[in-house]
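One-letter residues, chain by chain:
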Amino acid sequence: MAPVTRRGFLGAAGAVAAATTATAATTATTATTLAAGGTARAADASGTVVDTVTVTPDDPRYLDLTARGYNARFAARPDAIRLVHSTAQVVSAVRDAVSAGKRIAVRGGGHCLDGLVDDPAVRVLIDLSEMDSVTYDSARRAFCVEAGATLGHVYRTLYLEWGVSVPGGTCPTVGVGGHVSGGGYGAMCRQHGTIVDHLYAVEVVVADASGTVRSIVATREAGDPHRDLWWAHTGGGGGNFGVVTRYWFRSPGATGSTPSALLPKPPATLLKTTVSWKWADLTEAAFARIVRNHGVWHEANSEAGTPYASLHSVLILNNYAQGSIVLNVQLDGTLADADDLMNRYVAAVTDGVGVAHATATSRWPWLKTTLKDPYDTGAFNRTKSKGAYLRERWSDARTAVLWRALSDRAYDGHAGILLYSYGGRVGAVAPADTALAQRDSILKANFTTYWSDPAQDERHLARMRALYQDLYGDTGGVPLPDGPDDGSYINYPDTDLTDTAYNTSGVAWQTLYYKGNYPRLQQVKAAYDPKNVFRHALSVTAA
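Everything quoted here is computed from the prediction, not taken from an experiment.

## Points about the overall build of the chain
- Across its full length, the chain carries 13 helices and 19 strands.
- Here the C-alpha radius of gyration of the chain, 23 Å, is about what a compact globule of 543 residues would show, namely 24 Å.
- Expressed as a percentage of the 543 residues in the chain, the buried residues total 61%.
- Counting contacts in the chain only where the partners sit at least 6 residues apart, residues at least 24 apart contribute 75% of the total.
- Between the mean site of the 50 positive side-chain charges and the mean site of the 51 negative ones, the chain shows a separation of 1 Å.

## Here's the deal with the confidence of the model for the chain
- The share of residues in the chain with pLDDT of 70 or more is 90%, and the mean pLDDT across the chain is 91.
- A low-confidence stretch, residues 1–39 stays under pLDDT 50, and its non-local contacts, those more than four residues away or across chains, total 183 contacts.

## A look at the pairing of strand S12 (residues 243–249)
- Summarising burial for S12: 7 of the 7 residues are buried, a large majority.
- Sheet topology places strand S9 (residues 142–146) next to S12; 4 bridges connect them, and they run antiparallel. Note on S12: the bridge partner recorded for cysteine 144 is tryptophan 248.
- Sheet topology places strand S10 (residues 199–207) next to S12; 6 bridges connect them, and they run antiparallel. Counterpart to glutamate 203 in the pairing with S12 is arginine 246.

## A short note on the sheet that holds strand S5 (residues 80–83)
- Ordered in space as S4-S5-S7-S6, the 4 strands form an open sheet in which the pairing is mixed. In the strand order of this sheet, the two ends are held by strand S4 (53–55) and strand S6 (104–107), each with one partner. Averaged over all adjacent pairs, the angle separating strand axes in this sheet is 20°, with direction ignored.
- The sheet contacts of helix H2 (residues 87–100) involve S5, S6 and strand S7 (124–127), and relative to S5 the element is tilted by about 160°.

## Digging into empty space enclosed by the protein
- Scanning all chains against the criterion turns up 6 cavities of 30 Å³ or more.
- When its volume is computed, the largest cavity comes out at roughly 90 Å³.
- In terms of lining residues, the largest cavity is bounded by Ala187, Met188, Gln191, Pro267, Leu270, Ala309, Ser310, His312, Gln330, Leu331, Asp332 and Trp366.
- Of all the elements, strand S15 (residues 324–332) adds the most residues to the lining of the largest cavity, at 3 residues.
- For the lining of the largest cavity, the per-class residue count stands at 7 nonpolar, 4 polar and 1 charged.

## Remarks on helix H10 (residues 396–406)
- Most of H10 sits out of view: 8 of its 11 residues are buried.
- Within the span of H10, buried status applies to Arg398, Thr399, Ala400, Val401, Leu402, Trp403, Ala405 and Leu406.

## Structural notes on the nonpolar core
- Counting 128 residues, the largest nonpolar core has Val94, Trp277, Leu317, Trp394, Ile417 and Phe447 as its most contacted members.
- If we ignore the near neighbours within four places in the chain, the residues touching tryptophan 394 are Thr399, Leu402, Ile417, Leu419, Ala445, Phe447, Leu471, Tyr472 and Asp485.
- With 16 residues, the next largest nonpolar core counts Ile316, Tyr389, Tyr422 and Val426 among its residues.

## Observations concerning the sheet that holds strand S11 (residues 213–219)
- Read from one edge to the other, the open sheet built from 5 strands follows the order S8-S9-S12-S10-S11, with strand pairing classed as antiparallel. Edge positions in the sheet fall to strand S8 (134–137) and S11, since each of these pairs with one other strand and no more. Pairs of neighbouring strands in the sheet enclose a mean axial angle of 25°, with direction left out of account.
- Here S10 runs beside S11; their pairing, made up of 7 bridges, is antiparallel. Bridging across to S11, valine 204 finds its partner in isoleucine 216.

## Here we look at the pattern of salt bridges
- Summed over all chains, the structure comprises 30 salt bridges.
- Aspartate 79 is the partner of lysine 102 in a salt bridge, and the nearest nitrogen-oxygen pair spans 3.5 Å. One end of the pair, lysine 102, is in the loop between H2 and S6; the other, aspartate 79, is in the loop between helix H1 (62–66) and S5, and 23 residues separate them in sequence.
- What makes lysine 102 partly exposed here is its relative accessible area of 36%.
- Among the ionic pairs, arginine 363 bridges to aspartate 339, the shortest N-O distance being 2.9 Å. Remark: aspartate 339 occurs in helix H8 (residues 338–350) and arginine 363 occurs in strand S16 (residues 358–365); sequence separation between them is 24 residues.
- Look at arginine 363 and you get partly exposed, because its relative accessible area is 40%.

## A look at the packing of aromatic side chains
- On inspection of all chains with the given rule, the structure shows 25 aromatic pairs.
- Taking 5.8 Å as the distance between ring centres and 80° as the angle between the ring planes, the aromatic pair formed by tyrosine 185 and tyrosine 420 counts as edge-to-face. Taken together, the residues tyrosine 185 in the loop between helix H4 (176–181) and helix H5 (189–192) and tyrosine 420 in strand S18 (residues 414–421) connect sequence positions 235 residues apart.
- The exposure class assigned to tyrosine 185 is buried, which follows from its relative accessible area of 2%.

## Observations concerning the pairing of S10
- Most of S10 is tucked away: 9 of the 9 residues are buried.
- Hairpin geometry of S10 and S11 is characterised by an intervening segment of 5 residues between the two adjacent antiparallel strands and by a positive phi of about 90° at glycine 211.

## Some remarks on the side chain of serine 407
- Examined against the element boundaries, serine 407 turns out to sit in the loop between H10 and S18.
- On the basis of relative accessibility, which here comes to 19%, the residue serine 407 falls in the buried class.
- Separated by 2.6 Å, the side chain of serine 407 and the backbone oxygen of tryptophan 403 make a polar contact.
- For serine 407, the residues in contact, after removing those within four places along its chain, are Trp279 and Tyr320.

## Examining the state of the cysteines
- Taken as a whole and assessed by the stated rule, the structure comprises 0 disulfides.
- With no disulfide of its own, cysteine 171 has cysteine 112 as its nearest cysteine by sulfur position, at a separation of 14 Å.

## Focus on the packing of H10 against helix H11 (residues 457–471)
- Following both chains from N to C, one finds H10 and H11 inclined at 160°, their axes separated by 9 Å at the closest point. It follows that H10 is roughly antiparallel to H11 by the angle criterion. Pair H10 / H11 crosses with right-handed handedness. Of the residues in H11, those in contact with Arg398, Val401, Leu402, Ala405 and Leu406 of H10 are Arg463, Leu467, Asp470 and Leu471.
- Classifying every residue of the contact of H10 with H11 by side-chain character gives 6 nonpolar, no polar and 3 charged.

What counts, and at which threshold
Residues numbered from 1 in each chain as written. Predicted model: local features only at pLDDT ≥ 70, side-chain atom pairs only at ≥ 80, totals over all residues. Heavy atoms only, no water. Helix = DSSP H or I, 4+ residues; strand = E, 2+ residues; numbered from the N terminus. Rg over C-alpha atoms; globule rule 2.2 N^0.38 Å. Buried < 20%, exposed > 50% of the residue type's maximum accessible area, 1.4 Å probe, protein only. Contact = heavy atoms within 4.5 Å. Lys, Arg positive; Asp, Glu negative; His and termini not counted. Charge placed at Lys NZ, Arg CZ, Asp CG, Glu CD. pLDDT = per-residue confidence, 0-100. Pairing = 2+ DSSP bridges. Axes fitted to C-alpha atoms, helices over the stretch in contact; angles between N-to-C directions. 1 Å grid on protein atoms, 1.4 Å probe; cavity = no way out; pocket = protein on both sides within 12 Å on 5 of 7 lines; lining within 4 Å. Points joined across faces, edges and corners; volume = space filled by probe spheres on them. Nonpolar A, V, L, I, M, F, W, Y, C, P; charged D, E, K, R; others polar. Core = buried A, V, L, I, M, F, W, Y, C linked by side-chain atoms within 4.5 Å. Salt bridge = Lys/Arg side-chain N within 4 Å of Asp/Glu carboxyl O. Phe/Tyr/Trp six-rings, centres within 6.5 Å; stacked < 30°, edge-to-face > 60°. Polar contact = N/O pair within 3.5 Å; in protein donor to acceptor, adjacent residues only side chain to side chain. Disulfide = S-S within 2.5 Å. Parallel < 35°, antiparallel > 145°, perpendicular 65-115°, else oblique. Left-handed = near helix turned anticlockwise from the far one by under 90°.

Structure below.
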């Protein structure tokens, strides 16, 4: 099978501002101090002192650190990269940049689909990748995850050490920094909600109106004076308010202090099925039937607590050049009726298609499956992505638009639309309770196209833009909120939404991402980042 296009997300860590004296923070394993001259230092558990590493363009490491981004269309060219190891070092790096009047960006896991981190205007890039510890904080009865950790590292540590996990994304190389702050979702969300539904606290380095820099820990506790700062990081997007250095996770309603009882427990095994249809065999009617069947099933099975709560499915509508379209499904393999549930789901999606399909089914240990990266684009490392929430299945007219675009044999890029299962427990949280406002959608769509030749950038960009505009041609070229669609997902950042040449709807891009939650995000911005220190092409602006 040809490579499957990959979805990614904003890899900039979240941000905030309000402040006074710079403070050092202490983790369970790292002590931090300020050395002579104000240089932040960190001592690990063995007592070894580690200074902030500053990498400039003449350093051999510069290329490695600036080429970490997911999308090769964008490359960072800062004056300096500050490789940090502690909250105190982040405070120092932000203070230095603010004092010098230099634009800041933050990189956690390195995935960013658009040029928000790798922006030519950025002069100081703060790299959190060395801050990746996952520990249990007995004082807060929560798991502490540093913002430079990748999802795969988090899953492995939480599961092997305590038998628990968080319902985050399916790409193990993504960093938690931006994933969480953007309202991340994944394979366990239908059963357990999104990852932000389990976020207890967040530590953020902020800068106030006077330029003073400090770190703040904000929790979901009702009496916390910084609760709005916590709220803004439950879907408000990365790089907006400050630099997130640590997250703490504990499920709402979890009691006691036994770590293994404070977060969801994954199943021991996953039952997995892959169904594929060759493009050479597909007709327009067959394609439309697959998309319709898939959408109808999710319309009927997206309530919380159904027998299909553990199901995660992605229908990958690859274009003709990739050879096939694919349905990947997994569910709890320990259920007594797991095989029957799987068979009924596959039968529902394949019903009446009238074209042969190949099916492969297997059982795997949960961790082994979860740590495998299912999206490998190889040399196709230049990309354009867009997103959408679906509250209803796509209409037959929209499916016809997809058919015309994807069946074009002349197009050589690796394009596709990934339709991810959503709903379930996600809908149990009110839209205003977190910054993540889209709570009653049944599917999420990630539109992607990948290519390798820089000389072909404009051709591929135009292709993806045309597909998206045609698909939403009746709503101004964008998925409007509160109808059959529900706007877009900030972790699929798309700067086209800010451009009236592509977004002719008259609806602001901020509304497409945040709906009615945007005014509150603006208030948090005004309170914690009044000087707009932390900003990018899709950042929240103060009212």
